[in-house]
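# Examining the three-dimensional arrangement
Listed here are the chains, written in short residue letters.
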Amino acid sequence: MSPREAHEAAQKWRVVKRSVDARQRDLRVHLTVLTDDQGNPIAKDAPIPLYEPPVFQDVHHAKREAVIIGAGPAGLFAALTLIEHGIKPIIYERGKEVSERKKDIALLNRNEGLNPESNYCFGEGGAGTFSDGKLFSRSKKRGNMQRVMELFHFFGAPDTVLYEAHAHIGSDKLPTIIKNIRECIIAHGGEIRFETCVTSLKQVQRDHVQCTKGITPIILAIGHSAHDTYRMLAAECVALETKGFAMGVRAEHPQALINQLMYHLSAKRSVSEAGLIDYVGNASYSLVTQVDGRGVYSFCMCPGGHIVPAGSTPDTCVVNGMSASHRNSPFANSGMVVQINPEDIPGNDPLRGLEYQEKLEQRAFMHAKDGDRATAQRSAVAPAQRLLDFVEGRPSKDLPACSYLPGIVPSRLDQWLPPHIGKRLQQGFRDFDKKYPGFLTNDAVILGVESRSSSAVRIPRDPETLQSISTPGLYPCGEGAGYAGGITSSALDGINAALKIADLA
């Protein structure tokens, strides 16, 4: 149906699935509504439960405990699941609770300093809390993904997370939801120890000895940016391996241009076309191509969003994207990354991919400083280049307006990005412009570097028990363990780890 018809129907009927189809010039919305036994649509406000709510037990004096390292989606949803099964979770989180974390992020955006333990990567809720909040996963085989959506809704997410094909909460709404989850965990007897960085897994095991079984299970949900924790695990002989990952840049276009390209709008929109955005929202895109045997693709596309500083150490420059719930910024940004396989990096050190990430992040930091000596102490400033200039290999004398609050400086990304990344990106942008003519423009800008799209390390685990193959009682899960790729898949992986622990009773 048309966007207007779908909007009107959604105001009257109970929607169970909604998706936007922009493949044809006549944009359509696919809507599925709940019906009764006679096939009649059920009213939106009908007294029918949306789902079965969770039942949490009182675990203040539970006989069983489990330690969780990391309070991102994997750790938090693992904790909720443990409480449902009468097991007390004890969470260690290196960062701050979400309200205090917001203050450190505000300082970072104003170039007033980076707190290595409280930033866009570390703190309550994990990296996803302040990086858009997209609730979408391509995984269909890992378990009950709908239950993840239901739990988010239970703790305050809007009804749309239950039926949107590409559900989104927004970085302005997620902190409240994360706080609600924390309060639930504590109210039912769980513990959360903020500003506590685990520096020895063996020490945690010694501190928490399960009386009945002899060992307290540990869920390792550290996220993909805890490089120091990976090194600690290596030193304590926990099995690790290099895995494929991706690196590149973050590209930003005017949102009006992306709407024009994706929704097939005229360059000068009519009144009816302008109203369309009110019904379907700002357009997003998903782009992929192959260049010299490696994938080049968009990642974490944020319509109506902002680019943010996502580094966790003071000598690196890392960028990521986010959108607030209304997605009403005049900019559209997306990671544009190149596939990197383990064989692309010489050596056999399981941490070599992580070290490769760090070196390029440090290079970006140095080039941001070279671009403007006056910014030498402003570590969050990012190197940038107009998109067409990058593809054609020429300097950008100036830069367009950009959503990145700490500021950008002109830099020759075409020269200092490693050729196997830079050259592939240049060809990838040419390919994307063939699909959407006008995408390759100097009205767009790229920032470096987008390096945290996924972990470069995997912590191998038994596929049946989900325990580390080297360390009994250790349950690696989520993005940091190399088994998830976003908020929902990480949350589900945490749930699955907790269920394995519950099954041992």
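Residues numbered from 1 in each chain as written. Predicted model: local features only at pLDDT ≥ 70, side-chain atom pairs only at ≥ 80, totals over all residues. Heavy atoms only, no water.

As a further point, take the overall build of the protein. Broken down by element type, the protein carries 14 helices and 20 strands. Computed over its C-alpha atoms, the radius of gyration of the protein comes to 23 Å, within 12% of the 23 Å expected for a compact globule of 505 residues. Oriented by its inertia axes, the alpha-carbon framework of the protein measures out at about 70 × 65 × 40 Å. Going through the 505 residues of the protein one by one, you find that 57% of them count as buried. (Helix = DSSP H or I, 4+ residues; strand = E, 2+ residues; numbered from the N terminus. Rg over C-alpha atoms; globule rule 2.2 N^0.38 Å. Buried < 20%, exposed > 50% of the residue type's maximum accessible area, 1.4 Å probe, protein only.)

Moving on: the packing of helix α2 (residues 73–84) against helix α14 (residues 487–503). Put simply, α2 and α14 touch, their axes get as near as 7 Å, and they point 40° apart. It follows that α2 is oblique to α14 by the angle criterion. Relative to α14, the crossing made by α2 is right-handed. Across from Pro-73, Ala-74, Phe-77, Ala-78, Thr-81 and Leu-82 in α2, the residues of α14 making contact are Ile-487, Ser-490, Ala-491, Gly-494, Ile-495, Ala-498, Leu-499 and Ile-501. Taken together, the residues of the contact of α2 with α14 break down into 11 nonpolar, three polar and no charged. (Axes fitted to C-alpha atoms, helices over the stretch in contact; angles between N-to-C directions. Parallel < 35°, antiparallel > 145°, perpendicular 65-115°, else oblique. Left-handed = near helix turned anticlockwise from the far one by under 90°. Contact = heavy atoms within 4.5 Å. Nonpolar A, V, L, I, M, F, W, Y, C, P; charged D, E, K, R; others polar.)

The element strand β13 (residues 305–309) is largely enclosed, with a buried count of four among its five residues. Strand direction decides the pairing type here: β13 and strand β14 (residues 319–323), joined by five bridges, are antiparallel. Each bridged residue has a counterpart across the sheet, and for His-306 the counterpart in β14 is Met-322. (Pairing = 2+ DSSP bridges.)

The next subject is the environment of Asp-431. Tracing the backbone shows Asp-431 in helix α13 (residues 419–435). Every residue in contact with Asp-431, bar those within four places of it in the chain, is listed here: Thr-289, Gln-290 and Val-291. Within the local environment of Asp-431, its side chain forms a polar contact with the side chain of Gln-427, the two groups lying 2.9 Å apart. (Polar contact = N/O pair within 3.5 Å; in protein donor to acceptor, adjacent residues only side chain to side chain.)

Moving on: the nonpolar core. Counting 69 residues, the largest nonpolar core has Met-336, Leu-417, Leu-425, Phe-429 and Phe-439 as its most contacted members. Not counting residues up to four positions away in its chain, the partners in contact with Leu-417 are Val-249, Leu-360, Arg-363, Phe-390, Gly-422, Leu-425 and Val-449. Core analysis: the second largest hydrophobic core is formed by 48 residues, Leu-76, Leu-151, Ile-185 and Leu-492 among them. (Core = buried A, V, L, I, M, F, W, Y, C linked by side-chain atoms within 4.5 Å.)

Next up on the list: α13. Look at α13: 24 Å from first C-alpha to last across 17 residues, which is about the 24 Å you get at 1.5 Å a residue. Within α13, burial applies to Ile-421, Gly-422, Arg-424, Leu-425, Gln-426, Gly-428, Phe-429, Asp-431 and Phe-432. (Expected span 1.5 Å × (residues − 1).)

Quick look at α2 now. Relative to the 16 Å expected for 12 residues at 1.5 Å per residue, α2 spans 16 Å between its end C-alpha atoms, a close match to the ideal helical length. Of all 12 residues making up α2, 11 are buried, and the element is well covered by its neighbours. Looking only at α2, the buried set comprises Pro-73, Ala-74, Gly-75, Leu-76, Phe-77, Ala-78, Ala-79, Leu-80, Thr-81, Leu-82 and Ile-83. Looking at the packing, one finds that the buried side of α2 touches β3 (65–69), β4 (88–92), α4 (145–154), α5 (174–187), β8 (218–220) and α14.

So, about the sheet that holds β8. As summarised here, the arrangement of the five strands in space is β7-β4-β3-β8-β20, forming an open sheet in which the pairing is parallel. Looking at strand neighbours, the two that pair on one side only are β7 (191–193) and β20 (474–476), the edges of this open sheet. Each adjacent strand pair in this sheet contributes to an overall mean axis angle of 20°, direction not counted. Judged from the three bridges that link them, β8 and β20 form a sheet pairing that is parallel. Opposite Ile-219, over in β20, you have Tyr-475 as the bridge partner. Where α2 meets the sheet, its contacts fall on β3, β4 and β8, and the angle it forms with β4 comes to roughly 165°.

Read these as geometric descriptors, not functional statements.
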